[in-house]
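# Close look at the chain arrangement
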Amino acid sequence: MSLLKGNTFISALDVTDINALAAKALAYKANPLTDKKLGEGKRIGCLFLNPSMRTRLSTQIAAQNLGMEAIVFNVGNEGWQLEFEEEAIMSGTTVEHVKDAAPIFGKYFDILAIRTFPSLVNKEDDYSELYINQFIKYAGLPVVSLESATLHPLQSLTDVITIKETFKEQRKPKVVLTWAPHVKPLPQCVANSFAQWMTEWGEVDFVVTHPEDYELDQKFTGNAPIVYDQDEALKDADYVYVKNWSTYNDYGKIYSNEPEWMLTQEKLKLTNPANGGAKVMHCLPVRRNVELSDEILDSPNSIVTQEAGNRVWAAQAVLSELLKK
Amino acid sequence: MSLLKGNTFISALDVTDINALAAKALAYKANPLTDKKLGEGKRIGCLFLNPSMRTRLSTQIAAQNLGMEAIVFNVGNEGWQLEFEEEAIMSGTTVEHVKDAAPIFGKYFDILAIRTFPSLVNKEDDYSELYINQFIKYAGLPVVSLESATLHPLQSLTDVITIKETFKEQRKPKVVLTWAPHVKPLPQCVANSFAQWMTEWGEVDFVVTHPEDYELDQKFTGNAPIVYDQDEALKDADYVYVKNWSTYNDYGKIYSNEPEWMLTQEKLKLTNPANGGAKVMHCLPVRRNVELSDEILDSPNSIVTQEAGNRVWAAQAVLSELLKK
Amino acid sequence: MSLLKGNTFISALDVTDINALAAKALAYKANPLTDKKLGEGKRIGCLFLNPSMRTRLSTQIAAQNLGMEAIVFNVGNEGWQLEFEEEAIMSGTTVEHVKDAAPIFGKYFDILAIRTFPSLVNKEDDYSELYINQFIKYAGLPVVSLESATLHPLQSLTDVITIKETFKEQRKPKVVLTWAPHVKPLPQCVANSFAQWMTEWGEVDFVVTHPEDYELDQKFTGNAPIVYDQDEALKDADYVYVKNWSTYNDYGKIYSNEPEWMLTQEKLKLTNPANGGAKVMHCLPVRRNVELSDEILDSPNSIVTQEAGNRVWAAQAVLSELLKK
């Protein structure tokens, strides 16, 4: 049975069994080349409308591990700016409409993977996932999100994998998503997505903590407790997921930079003391000594490198499921 | 017998039998991997001095289908600016002379594919095809144009293929090349090239229509009738090829934007009524509602996606002929 | 026995036997695909923090010849700016610390190849090779320099190869490294590196000539005679290696552009007359008629194309040694 409901992977809601998909990824980690024949003669197009490092490299590697040919295309740098609005009169700076570009990708590739960030200006467009949905609508082939306006599902699947492979006790771990300071307004994608996957996975006790006015869209946080007191939230945590995001309600703003929200070793002492404190996660890139201190990142509590390494296996599991369709 | 006269593909005049080359391309469309062994151990370098989407992707895919390794290099972004003038004293912004760069590409690759746009300032340099000819002169290996200063032969071969595969009647189709409005001065390449290929192919009745003062170089339009009245030109057309270009005589200018030259459904009624109106072609990217209206592009008359999909088979046929040399 | 002392290739001092490594490269030139199985299932990441043409292409080709998968990543263009200072508070323009990025490359690749230019501002950081050493320290996998702050070892190995394959007499050739004018301040890398390799190789009589105040770091020139009179230095030379560099002592400056230092045919008459004058080498790119005249570059004395072609075999020999570890 397929672990994906349909032909797209842009959200946790596209997955039939998150736990099984994570298990499949971990099986690839143990045997990377076991499905080297699966993608033979198939081709994935990786379109980047925005910069990327881990996502770009891990997706290329995952495709190669499955025997696929991967072609990377930096839409803005190597091509030109796309238009996404219906009925636009294109007398400005956009050179090609997604309605014309997408179906051609559909002719060239077997799978399309796309990174497209939010504007952080037009909340309605961003939260309707206008850009990636236009690609899905017009490309007519399987589409994988490499991070879209509101979600980053390959990152979140990676996070599930990393918790699954590191937590050895016979109980649900407590997982805390905490807001962290940053110097510029960032998307809510990683936080939204992590909240959505933790909730849908259901194998953890999940808590969110952030300053007031940094509420996320409840569509993604669901019934997770929202705690404004970080110290209280951190108590007895097994995993602390650190991430900055800009405001959702009054969209795309930084209200304050709150340096006291940066996680420190002192605060880690509030977390699960039996295991030497919680494991600390972050999607990277991380601004050292702004979002997270050197002392945390360089300590054994940090599992950010293991987490980033797992990006390959998350991508490989998803591409494999799409190839089998 | 080779379908190419020599070791270059930069113009219709390099082809011995356009119809046979188009047939070969359509055979690849039916069986993409039939010559997967032909390019084994061979390597194509794809050099982009200018942006590209379809040409870049379709050439990479064509090379992969033939078993070649393709290496893409964005000359300006990833390297530096090249000098093309003989005897230049290089104390300005150009970092390397084509006389030094080209022979090295000749050592690294088996085939060299190059995109290099016109300046639209120096007509003499542009129309002498200075840049691509310097590459041919100094590289010493087969050279394929991915669009040069005055021509876009892989696009035009694609256009031949697309007409050949869609026209089913036992007569010559009427093909009209019409000028369209645009917001900035564009090269004449696609129009020149389409005119040249239609004329050399000889299997169509070919007509050109544009506002006065937008004449193309007669070297390319040959004996094709030039009609200044678009309505008259469109009468009974089977194919309408829509494209903007800047002025050729008073070089690189926009005289007027003439919105009434944008093709509409109303105008399409003038074309072949027996078939529900002419098929509409465009090389893409297209500025919607400036060059061509949504109503045309979203109608069954538009075959622009099919056309763009055929880019792969045009490139594959040409690379195949060069590999066989 | 390995021809490399350890797991890195950033300097002549990393090589156990320069002559044997050059011989290995020339064996690959004769039979490029002889080790096509060696790199099967292995992956090289080529990271460019700065522009590159020959180095980029030749490394990709060398990897392909060894059966490896090569992934190229333009760190600045496709990703973001890295931080290299320890304990930096990253509230500025750098987005990710090398401490976080490098170990992830270590998880994704089997070999890491990196180009990272000097600042030409902070001499201490540049000459401590801060950037590439940070990668080596944190990546935990074999690292190859594609040119670092002070050295360009793949270029210098290429230069050894080129002298070795072109010099047929039973004596040591006289090799002169001469400074040449340029329009902007350039790194000392190529000159440092050439001096280091000539000295360590030990199979040539090596002389350096430059205007006063353009001294290189003696760490690299060792006991090589430094001659301020170019004519005297050129006398009886078999090879003249032409290169500009900015000042080392008063760091990163241009004191004067000294057009009389540009090598001319007249000056070449001072060199080995029995062989029609010295062979002229340059790493390219070269500013024609600034660094070197057309008359030299277009003469049979110039072997710059042969030299650049040999870049492939130098890279292939080094990658092969690292793969065998």
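Cut-off values and rules
- Residues numbered from 1 in each chain as written.
- Chains lettered and ligands numbered in written order.
- Predicted model: local features only at pLDDT ≥ 70, side-chain atom pairs only at ≥ 80, totals over all residues.
- Heavy atoms only, no water.
- Helix = DSSP H or I, 4+ residues; strand = E, 2+ residues; numbered from the N terminus.
- Rg over C-alpha atoms; globule rule 2.2 N^0.38 Å.
- Contact = heavy atoms within 4.5 Å.
- Lys, Arg positive; Asp, Glu negative; His and termini not counted.
- Charge placed at Lys NZ, Arg CZ, Asp CG, Glu CD.
- UniProt positions renumbered as here; feature names shortened; annotations may be inferred.
- Buried < 20%, exposed > 50% of the residue type's maximum accessible area, 1.4 Å probe, protein only.
- Polar contact = N/O pair within 3.5 Å; in protein donor to acceptor, adjacent residues only side chain to side chain.
- Pairing = 2+ DSSP bridges.
- Axes fitted to C-alpha atoms, helices over the stretch in contact; angles between N-to-C directions.

### Let's talk about the overall build of chain A
From N to C terminus, chain A includes 14 helices and twelve strands. The C-alpha radius of gyration of chain A comes to 20 Å, within 12% of the 20 Å expected for a compact globule of 325 residues. Along the first, second and third principal axes, the C-alpha set of chain A runs to 55 × 50 × 35 Å. In chain A, of all internal contacts separated by at least 6 residues, the share reaching a separation of at least 24 is 78%. The distance from the centre of the 32 positive side-chain charges to the centre of the 43 negative ones in chain A is 7 Å.

### Description of the UniProt feature "binding site: N(2)-succinyl-L-ornithine" (unreviewed entry) in chain A
The residues that UniProt annotates with the feature "binding site: N(2)-succinyl-L-ornithine" (unreviewed entry) are E147(A), H182(A), K243(A) and R287(A). Mapped onto the elements, H182(A) comes out in the loop between β8 (174-179) and α8 (189-201). Residue H182(A) is classed as buried on the basis of its relative accessible area of 5%. If we ignore the near neighbours within four places in the chain, the residues touching H182(A) are N244(A), I254(A), N257(A), R287(A), V290(A) and E291(A). From its side chain, H182(A) meets the backbone nitrogen of K184(A) in a polar contact 3.2 Å long. Mapped onto the elements of the fold, R287(A) is located in the loop between β12 (279-281) and α12 (294-297). On the accessibility criterion, R287(A) (4% relative accessible area) is buried. What R287(A) contacts, discounting residues up to four positions off in sequence, is H182(A), V183(A), K184(A), L292(A), M90(C), S91(C), G92(C), T93(C), T94(C) and V95(C).

### Re the pairing of strand β2 (residues 43-48) of chain C
Residue and element names in this part refer to chain C. Within β2, six of the six residues are buried, which leaves the element mostly enclosed by the surrounding structure. What you see with β2 is no split at all: R43, G45 and L47 on one side and I44, C46 and F48 on the other are buried throughout. With six bridges joining them, β2 and strand β3 (residues 69-74) adopt parallel strand pairing. Bridge assignment links G45 to a residue of β3, and that residue is I71.

### Notes on the sheet that holds strand β2 (residues 43-48) of chain A
Consider a sheet: its strands pair through backbone hydrogen bonds, and that pairing is either parallel or antiparallel. The five strands are arranged β1-β7-β6-β2-β3 (chain A) in an open sheet whose pairing can be described as parallel. Edge positions in the sheet fall to β1 (8-9) and β3 (69-74) of chain A, since each of these pairs with one other strand and no more. Sheet topology note: the β2(A)/strand β6 (residues 111-115) of chain A ladder contains five bridges and is parallel. Each bridged residue has a counterpart across the sheet, and for G45(A) the counterpart in β6(A) is L112(A). Its contacts with the sheet place helix α2 (residues 54-65) of chain B against β2 and β3 of chain A, and it is angled at close to 165° to β3(A).

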